[in-house]
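# Notes for the structure review
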Amino acid sequence: MLRRTAPPALAALTFLAVTTACSADADSTAAAEDGTTSVTLALDWTPNTNHTGIYVARAKGWFKDAGIDLKIVPYGSTAPETLIASHQADFGISYQEGVTTARAAGQDITSVYAVTQKTDVTVSVRADRTDITSPKDLDGRTYAGFGAPYEKPLLQKVIKNAGGTGDFRQVTLNTSAYAALYAGKADFAMPMPTWEGLEAKLSGKPLKDFQLSDYGFPAIYSTLIASSDQFLKKNPAVAKKFLAAVDKGYRYAAENPDRAADLLIAGNKSVLTNTKLVKESSELLAKEYYRGADGTIGTQSAARWKAFADFEYDAGLLVDGNGKKLTEAPDTSSFFTNGYLPDAK
């Protein structure tokens, strides 16, 4: 859910070389000489286990089997939501807050696949903080965050629901969450348990987590795949083939986390050097995050989209295309679609 700032090395990677020939602005996607269709997917961060299904599908040849030549665009200085809405990328990795904010402002972006069904962010403190046993104990403490506007109202809601007042101080992270907590720079943070939480444990600095849902905060699609209405309407068959391959990749990751981790690492050896972290993250995602309570993978619910948008609206975070606050909660029925999933009628 929390977007980090891209490191300079990634920002320097060129985007235009990849997308010029296959922009979603075209009337249809570009066909390669071998007859495959070029499709671009913009990443939201360096390759990690949120992306496993995509790399599995590519390694297994499932995109090629579907007639798709997939171009994975490294994350740079432009957010995937911007690339999608401006029709410079066909698909992109995003998150519910990113799509909600962009769509409410009138941008052309729609969520088409939920990678994680369980909220992949927690309120966390050092495991040895015996003085903090509930979010209500965070009153008067210092929060280390990323500067996103929704962080404060989210935390205030959780703390108040736990019986606190919701008053705390904020600092902006310039290091990892657990490093800031153990250095005494902050008392609590909101890391991802499937990555930073595991990283903290493996570093001998474990965290104690408070799940947002335990304190009345609506469930969030922390990682999803989005596209634009323009692309989807012009290329429905391609979109369905793309998501069928993606779905196959994530189902494989859910059923074979260790082998899926190997494929992810093999495709990103220079980035994913901590193989133990990748393996444990893959196991945790397969066990708790990829599948919903009903066992489904990839699907999204209207209730979850409405609940989060209502929260953002009530917090005064949603604005229109002119930057003016919305005067009524948005209709989120168009913010997502399950219509391009393999089982869609």
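Each remark here, short or long, concerns the structure printed above.
These numbers come from a predicted model, not from an experiment.

Before going further, it helps to examine the sheet that holds strand 10 (residues 224-227). Strand order in the open sheet made by the five strands is 2-1-3-10-4, with mixed pairing throughout. Of all strands in the sheet, those with a lone pairing partner are strand 2 (68-73) and strand 4 (110-114), marking the two edges. The mean inter-strand angle of the sheet, taken between neighbouring strand axes irrespective of direction, is 30°. Bridge count between strand 4 and strand 10: four bridges; the pairing is antiparallel. In the sheet register, Thr110 faces strand 10, and the bridge partner there is Ser227. Running over the sheet, helix 6 (residues 96-104) touches strand 3 (91-94), strand 4 and strand 10 and is turned about 25° from strand 10.

Right, let's talk about unusual backbone geometry for a bit. Although it is not a glycine, His87 sits at a positive phi angle of roughly 65°. Along the chain, His87 falls in the loop between helix 5 (80-85) and strand 3.

Our next topic: helix 14 (residues 302-314). In a regular helix each residue adds 1.5 Å, so 13 residues correspond to 18 Å; helix 14 covers 18 Å between its end C-alpha atoms and thus fits that length. The set of residues buried in helix 14 consists of Arg304, Trp305, Phe308, Ala309, Asp310, Phe311 and Glu312. Those residues of helix 14 that are buried are in contact with helix 6, strand 4, helix 7 (151-161) and strand 10. Two residues or fewer past helix 14, Gly316 is found with a positive phi of approximately 75°.

For the pair helix 6 and helix 14, the least separation of the axes is 11 Å and the interaxial angle reads 70°. In terms of orientation, helix 6 and helix 14 fall into the roughly perpendicular class. As helix 6 packs across helix 14, the resulting crossing turns out to be right-handed. Here helix 6 contributes Gln96, Glu97, Val99, Thr100 and Thr101 to the contact with helix 14, which in turn contributes Arg304, Trp305, Phe308, Ala309 and Glu312. Here the contact of helix 6 with helix 14 is built from residues that sort into four nonpolar, three polar and three charged.

Okay, the packing of aromatic side chains next. Tallying each qualifying case throughout the model produces 15 aromatic pairs. When the centroid spacing of 6.0 Å and the interplanar angle of 0° are considered together, the rings of Trp305 and Phe336 count as stacked. Of this pair, Trp305 sits in helix 14 while Phe336 sits in the segment after helix 14, placing them 31 residues apart in sequence. Judged by its relative accessible area of 0%, Trp305 falls in the buried class. The buried category is assigned to Phe336, whose relative accessible area is 12%. Aromatic rings pair up to connect Phe63, Phe91, Phe231 and Phe242 into one cluster. A cation over a ring is seen here: Arg304 above Tyr221, with NZ or CZ 4.2 Å from the ring centre.

What follows is about the side chain of Ser222. Secondary-structure assignment places Ser222 in the loop between strand 9 (207-211) and strand 10. There is a polar contact of 2.7 Å between the side chain of Ser222 and the backbone nitrogen of Asp120.

The next thing to look at is the pattern of salt bridges. Counted under the stated rule, the structure contains 14 salt bridges. Between Asp69 and Lys71 there is a salt bridge whose closest N-O contact spans 3.3 Å. In this structure Asp69 comes out as partly exposed when scored by relative accessible area, which is 22%. Glu288 is the partner of Lys118 in a salt bridge, and the nearest nitrogen-oxygen pair spans 2.7 Å. Placement of Lys118 in the loop between strand 4 and strand 5 (122-126) and of Glu288 in helix 13 (residues 275-289) is noted, with a sequence separation of 170 residues between them.

Rules used throughout
- Per chain, the residues get numbers from 1 upward, laid out in the order the sequence is written.
- Only residues with pLDDT of at least 70 are given local features in this predicted model, and only at 80 or more are side-chain atom pairs given and counted; all residues enter the totals for whole chains, interfaces and linings.
- Note that the side-chain values use all heavy atoms of the structure and ignore hydrogens as well as water.
- Here the rule is simple: two strands pair whenever DSSP picks up at least two bridges between them.
- Each helix is a run of H or I in the DSSP string that is no shorter than four residues. Each strand is a run of E no shorter than two, and both are numbered from the N terminus.
- Note on geometry: axes are lines fitted to C-alpha atoms, helical ones only across the stretch in contact, with angles between N-to-C directions running from 0 to 180 degrees.
- The contact rule is simple, with two residues in contact once any of their heavy atoms fall within 4.5 Å.
- In this scheme, a helix's expected span is set at 1.5 Å multiplied by one less than its residue total.
- Note on classification: 1.4 Å probe, protein chains only; a residue is buried when its accessible area is under 20% of the maximum for its type, exposed when over 50%, partly exposed between these limits.
- Any angle between 65 and 115 degrees counts as roughly perpendicular, while under 35 counts as roughly parallel, over 145 as roughly antiparallel, and the rest as oblique.
- Each crossing gets its hand from how the near helix is turned against the far one by less than a right angle, where anticlockwise is left-handed and clockwise is right-handed.
- Residue classes follow a fixed rule: Ala, Val, Leu, Ile, Met, Phe, Trp, Tyr, Cys and Pro count as nonpolar, while Asp, Glu, Lys and Arg count as charged, and any other residue, Gly among them, counts as polar.
- Working definition: rings of Phe, Tyr and Trp (its six-membered ring) pair if their centres are within 6.5 Å, and the pair is stacked with planes under 30 degrees apart, edge-to-face with planes over 60 apart, and tilted otherwise.
- Geometrically, a charge over a ring is one whose NZ (Lys) or CZ (Arg) sits within 6 Å of the ring centre while staying within 35 degrees of the ring normal.
- By the criterion applied in these results, polar contacts are pairs of N or O atoms within 3.5 Å in which, for protein atoms, one can donate a hydrogen and the other can accept it, and in which residues neighboring in sequence qualify only through two side-chain atoms.
- Here, a salt bridge means any Lys or Arg side-chain nitrogen found within 4 Å of an Asp or Glu carboxyl oxygen.

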